[in-house]
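A look at the structure
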Amino acid sequence: MPDSPPATRTYSYLGPTGTFTEAALAQVPEAAGQVWKSVNNVGEAFDDVTSGRSVAAMIAIENSVEGGVSATQDALASIPNLRIVGEYLVRVQFALVARPGIELKDVNVVNAHPVAYAQCRGWLEANLPAHGHIPSTSNVASALALFENDLADAAIAPPRIVDHHELNVLAENIGDNQNAVTRFVLVSRTNRLPEPTGADKTSIIAELPADRSGALLELLEQFSTRGVNLSLLQSRPIGDALGRYRFIIDADGHILDERVADALLGVRRFSPRVIFLGSYPRADRAQVEYVDRYDDGVFIEARDWLRSLVSGEPGA
Ligand SMILES: O=C(O)C(=O)C[C@]1(C(=O)O)C=C[C@@H](O)C=C1
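Residues numbered from 1 in each chain as written. Predicted model: local features only at pLDDT ≥ 70, side-chain atom pairs only at ≥ 80, totals over all residues. Heavy atoms only, no water.

**Considering the overall build of the chain**
Short version of the rule: Helix and strand definitions follow DSSP, with helices as H or I runs of at least four residues and strands as E runs of at least two, each counted in order from the N terminus. Burial classes: relative accessible area under 20% of the type maximum marks a residue as buried, over 50% as exposed, and values in between as partly exposed (1.4 Å probe, protein chains only). Whether two residues are in contact is decided by their heavy atoms: any pair within 4.5 Å suffices. For the area figures, the Shrake-Rupley method with a 1.4 Å probe applies, and any residue is considered shielded solely by the protein chains shown.
The helix and strand inventory of the chain stands at nine helices and 15 strands. Counting all 316 residues of the chain, 44% fall into the buried class. Considering only contacts within the chain whose residues lie at least 6 apart along the sequence, 76% involve residues at least 24 apart. When the accessible area of the chain is evaluated, it comes to approximately 16,200 Å², of which 51% is carbon and sulfur surface.

Below you can see the structure in the form of structure tokens.
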């Protein structure tokens, strides 16, 4: 009997087609040929994953100019059983686009996704100092809205939008930093850990014990005393009272690396709430560097030594 074809899998992404999020999803080999579901916001993407409608969602988590995407970070802290299984980088460049007939001098109001708007603030202040801003759900939705209503005169959008829609570029490269990059994560409900590659990242969210002086230092010591480098440390308000924060942490290495596992045990002993978001290959595939005394073998040898002392092995 012939094998039945494998069931198609659905991946959610912030659409419509042409967004940077879609460009990030295009980097996922397993998503090729599967169903790509365009959603209007990050909440909808997470909902697709938790309900099982999608096997995974591609979500923007950090921009090199604007910083962390708070909607993503807060959702990861509040929705249980989510895992980051991959990381992808997309260079972001923006153009100011408008319908034919509109010139730069006619622009009073601009449609833009808030994260994109924040990355073009300098250009807007210099070139359209009196402009108004209407937030849109994505970089492509901003441009398409120009065909749906007259609320704005122009939109901030990816430059290639003009290949697919009747729009003109009023200004190219309006981002304040020409090297801007957005970091995306593929989020799923799986409990399976991606294999360690030697070029991995581990993401967690940890809260500090209340009213303890030096608590943040103690949290960071869990990593530094095991030779684990951090590539992200960001605070987000927990939201229930002033002065209460949780910390989003990206650590170099995989949970199956002894030094990372040991650091996580330390965090778990100390923090009232720790969320493990996943260990996954780094987008840049850069090998994690660490000094020899934090190698797996050193941890294993020390544990074996302790075990032999406890079990009373002769010569221990
Ligand atoms: O994917 C898109 O194009 C988006 O509109 C989303 C998004 C984001 O959420 O950060 C993605 C990349 C850019 O930095 C700005 C906006």
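Back to the write-up after that little detour.
**Points about the nonpolar core**
Keep this limit in mind: To define a nonpolar core, start from buried Ala, Val, Leu, Ile, Met, Phe, Trp, Tyr and Cys residues and group those joined through side-chain atoms within 4.5 Å. Start and end points for every domain follow an automatic or database-based domain assignment.
Grouped together as the largest cluster of nonpolar side chains are 33 residues, with contacts concentrated most on Met-58, Leu-96 and Ile-156. Formed jointly, this core draws a minimum of three residues from each of two domains, domain 1 (1–92 + 180–192) and domain 2 (95–171). The next biggest cluster of nonpolar side chains, apart from the first, holds 20 residues, and it includes Ala-45, Ala-77, Val-185 and Leu-277.

**Remarks on the environment of Ile-134**
Structurally, Ile-134 is set in strand 8 (residues 132–135). With residues up to four places along the chain from it excluded, the contact list for Ile-134 reads Val-109, Val-110, Asn-111, Ala-112, Leu-151 and Ala-152.

**Quick look at the environment of Val-39**
Among the structural elements, Val-39 can be located in strand 2 (residues 35–39). Val-39 sits in the buried class, given a relative accessible area of 1%. Sequence separation between Val-39 and Ile-156 is 117 residues; the distance between their C-alpha atoms is 19 Å. When residues no more than four places from it in sequence are discounted, the contact partners of Val-39 are Ser-12, Tyr-13, Leu-14, Gly-15, Glu-44, Ala-45 and Asp-48.

**Let's talk about the site of the ligand**
Convention followed: In these notes, residues near a molecule or strand are those with any non-hydrogen atom within 4 Å of it. For this analysis, a polar contact is any N or O atom pair within 3.5 Å, provided that within protein one partner can donate a hydrogen and the other can accept it, and provided that sequence-adjacent residues contribute only side-chain to side-chain pairs.
Phe-20, Thr-21, Gln-119, Asn-139 and Thr-182 are the nearest of the 14 residues found near the ligand. One nitrogen or oxygen atom from the main chain of Phe-20 is found 2.9 Å from an oxygen atom belonging to the ligand. Within the side chain of Thr-21, a nitrogen or oxygen atom sits 2.5 Å from an oxygen atom of the ligand. In the complex, the protein chains occlude 98% of the 370 Å² of accessible area that the ligand would expose alone.

**Overview of the sheet that holds strand 10 (residues 168–171)**
Put simply, the test is: Whether two strands pair comes down to DSSP finding at least two bridges between them. Note on geometry: axes are lines fitted to C-alpha atoms, helical ones only across the stretch in contact, with angles between N-to-C directions running from 0 to 180 degrees.
The strand order 8-7-9-6-10 describes an open sheet built from five strands, whose pairing is mixed. The sheet is open, and its two edges are formed by strand 8 and strand 10, each paired on a single side. Within this sheet the neighbouring strands show an average axis-to-axis angle of 35 degrees, counted without direction. With three bridges joining them, strand 6 (residues 95–98) and strand 10 adopt antiparallel strand pairing. When the sheet's bridge partners are listed, Ala-98 is paired in strand 10 with Asn-168. Where helix 6 (residues 139–148) meets the sheet, its contacts fall on strand 6, strand 7 (109–112) and strand 9 (154–157), and the angle it forms with strand 9 comes to roughly 160 degrees.

**Quick notes on the pattern of salt bridges**
Worth spelling out the cut-off: Any carboxyl oxygen of Asp or Glu within 4 Å of a side-chain nitrogen of Lys or Arg constitutes a salt bridge here.
Overall, the coordinates contain 21 salt bridges when judged by the stated rule. With a closest N to O distance of 2.8 Å, Arg-183 and Glu-87 form a salt bridge. Within this pair, whereas Arg-183 is found in strand 11 (residues 181–188), its partner Glu-87 is found in strand 5 (residues 83–91), the two being separated by 96 residues in sequence. Neither Arg-183 nor Glu-87 differs from the other in exposure class; each is buried. Glu-218 is the salt-bridge partner of Arg-212, the closest N and O atoms lying 3.0 Å from each other. One network of salt bridges, with partners in common, ties together Glu-62, Glu-87, Arg-183, Lys-201 and Asp-250.

**Examining the packing of helix 8 (residues 258–270) against helix 9 (residues 296–311)**
Heads up, the condition is: Roughly parallel covers angles under 35 degrees, roughly antiparallel covers those over 145, roughly perpendicular covers 65 to 115, and oblique covers all other angles. Only Asp, Glu, Lys and Arg are considered charged in this grouping, and only Ala, Val, Leu, Ile, Met, Phe, Trp, Tyr, Cys and Pro are considered nonpolar; every other residue, Gly among them, is considered polar.
The N-to-C vectors of helix 8 and helix 9 enclose an angle of 60 degrees; their axes lie 8 Å apart at closest approach. One way to sum up the angle between helix 8 and helix 9 is to call them oblique. Facing Glu-258, Arg-259 and Asp-262 of helix 8, the residues of helix 9 in contact are Asp-296, Phe-299, Ile-300 and Arg-303. Each residue belonging to the contact of helix 8 with helix 9 can be placed in one class, and the counts come to two nonpolar, no polar and five charged.

**So, the domain arrangement of the chain**
When the parts come together, some accessible area is lost, and that loss is often what is quoted as the size of the interface. Taken domain by domain, the chain comprises domain 1 (1–92 + 180–192), domain 2 (95–171) and domain 3 (193–316). Each of domain 2 and domain 3 has a C-alpha centre, and the two are 43 Å apart.

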